[in-house]
Amino acid sequence: MRSLAEARRILIVDDSSTSRMITRRCFEIAASDSLTFHEACDGAQALSMLHEHEVDLIVTDINMPKMDGMTFVWKVKMNPRLESTPILVLSSMKNERMQSGLVGLGVAGFIQKPISPAKLASLVGDPS
Amino acid sequence: MSQTNPIDEALEQAVAETFSEMAFLDAIPAKKPASNPPGQLFSIEVHGEQTNRLVLDLPLPVKQTIVENIHGSSWEELSSSDIDDCLLEFLNVLAGAFGRLYWGDESRYKLSFPQVSVGPPRESDSSPPDSFWFDAYDRLFAIHITREV
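Residues numbered from 1 in each chain as written. Chains lettered and ligands numbered in written order. Predicted model: local features only at pLDDT ≥ 70, side-chain atom pairs only at ≥ 80, totals over all residues. Heavy atoms only, no water.

Some thoughts on the confidence of the model for chain B
The share of residues in chain B with pLDDT of 70 or more is 91%, and the mean pLDDT across the chain is 89. Interface confidence for the predicted complex, expressed as ipTM, amounts to 0.89; the pTM equals 0.91. (pLDDT = per-residue confidence, 0-100.)

Topic: the environment of Phe72(A)
All names here are of chain A. Within the element layout of this structure, Phe72 appears in helix α3 (residues 69–77). Judged by relative accessible area, which is 0%, Phe72 ranks as buried. Between the C-alpha atom of Phe72 and that of Ile62, which follows or precedes it by 10 residues, the distance is 8.8 Å. Among all residues touching Phe72, those that are not within four sequence positions of it are Val13, Gly43, Ala46, Leu47, Leu50, Ile58, Thr60 and Met67. (Helix = DSSP H or I, 4+ residues; strand = E, 2+ residues; numbered from the N terminus. Buried < 20%, exposed > 50% of the residue type's maximum accessible area, 1.4 Å probe, protein only. Contact = heavy atoms within 4.5 Å.)

Observations regarding the interface of chain A and chain B
In this complex, chain A contributes 21 residues to the contact, which on the side of chain B involves 23 residues. For the pair chain A and chain B, the summed buried area comes to about 1900 Å², and 48% of that belongs to carbon and sulfur atoms. Counting the surface chain A buries against chain B, the share from its top three residues, Thr18(A), Lys94(A) and Pro114(A), is 24%. Put simply, chain A and chain B have 2 salt bridges between them. Note that Glu89(B) and Lys113(A) form a salt bridge whose closest N and O atoms lie 2.9 Å from each other. Where chain A touches chain B, the interface holds 11 residue pairs in polar contact (both at pLDDT 80 or more). Elements with a minimum of two residues in the side of chain A that touches chain B: α1 (17–30) and α4 (96–104) of chain A. At 6 residues, α1(A) tops the list of elements feeding residues into the side of chain A that touches chain B. For the side of chain A that touches chain B, the residue count by class is 6 nonpolar, 8 polar and 7 charged. (Buried area = accessible area lost by both parts, 1.4 Å probe. Salt bridge = Lys/Arg side-chain N within 4 Å of Asp/Glu carboxyl O. Polar contact = N/O pair within 3.5 Å; in protein donor to acceptor, adjacent residues only side chain to side chain. Nonpolar A, V, L, I, M, F, W, Y, C, P; charged D, E, K, R; others polar.)

Here's what the structure looks like:
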């Protein structure tokens with residue numbers, strides 16, 4: 001498994017195109033190497049994309065239509081091919097019980113929105 | 001006379017944090033203006049021990065500044081769906097900060113999906129909405145909160 005700081009192929013899952021743009025920009029600011037981004041607007045679309053693309057890191061929102069982030073994280077962690085892919089959860093809600101549940105599922109980190117390069121660096125470290 | 005209760009404090013701090021961190025703007029509490037500038041409404045429900053419905057009431061100049069600062073693009077270059085998505089995400093983040101500040105990290109609260117609202121802020125059976133006014137660089141906007149027990 002690559003460490004978070006080594007991630008170059010990143011899947012961003014969020015129903016807001018604005019949030020996906022901000023997340024992408026934060027990674028671009030934090031990284032010195034070029035990154036490849038894939039984007040999905042809910043958990044169901046993200047699972048389909050994971051069949052087609054290998055990624056080093058998943059960044060997902062929680063509150064999404066069709067398939068929410070909790071269900072998506074659970075499905076990834078139950079999939080032997082995907083279970084070792086690190087997941088960062090990005091949510092506007094901060095709830096310690098939800099966070100401990102996600103950590104129990106193997107989530108690597110949690111960021112409360114709005115994401116910033118500084119918040120990202122504190123979790124991921126220097127990705128260069 | 002300024003009010004200081006937990007909802008006021010949580011809302012003022014959530015507004016200050018979200019405007020500063022997301023839109024690079026300072027927003028401070030303001031007095032209600034003599035006449036309300038017409039604004040577009042965006043609403044979200046924060047479900048905790050009770051439900052608070054937040055309605056963000058943004059006149060065009062404030063909307064424009066928030067969206068341009070977040071996107072780093074001029075208003076004319078953005079589609080209406082980009083603009084609505086941006087303002088709905090902005091309200092989503094603001095409501096998340098409000099829930100955290102009002103109920104605390106260890107509480108359970110949930111957010112509805114934010115939506116563009118039509119018509120005046122809804123009154124619940126139990127209480128009319130409270131309106132809170134803010135000033136972002138001489139541009140006024142409001143947040144209306146309806147509490148439902």
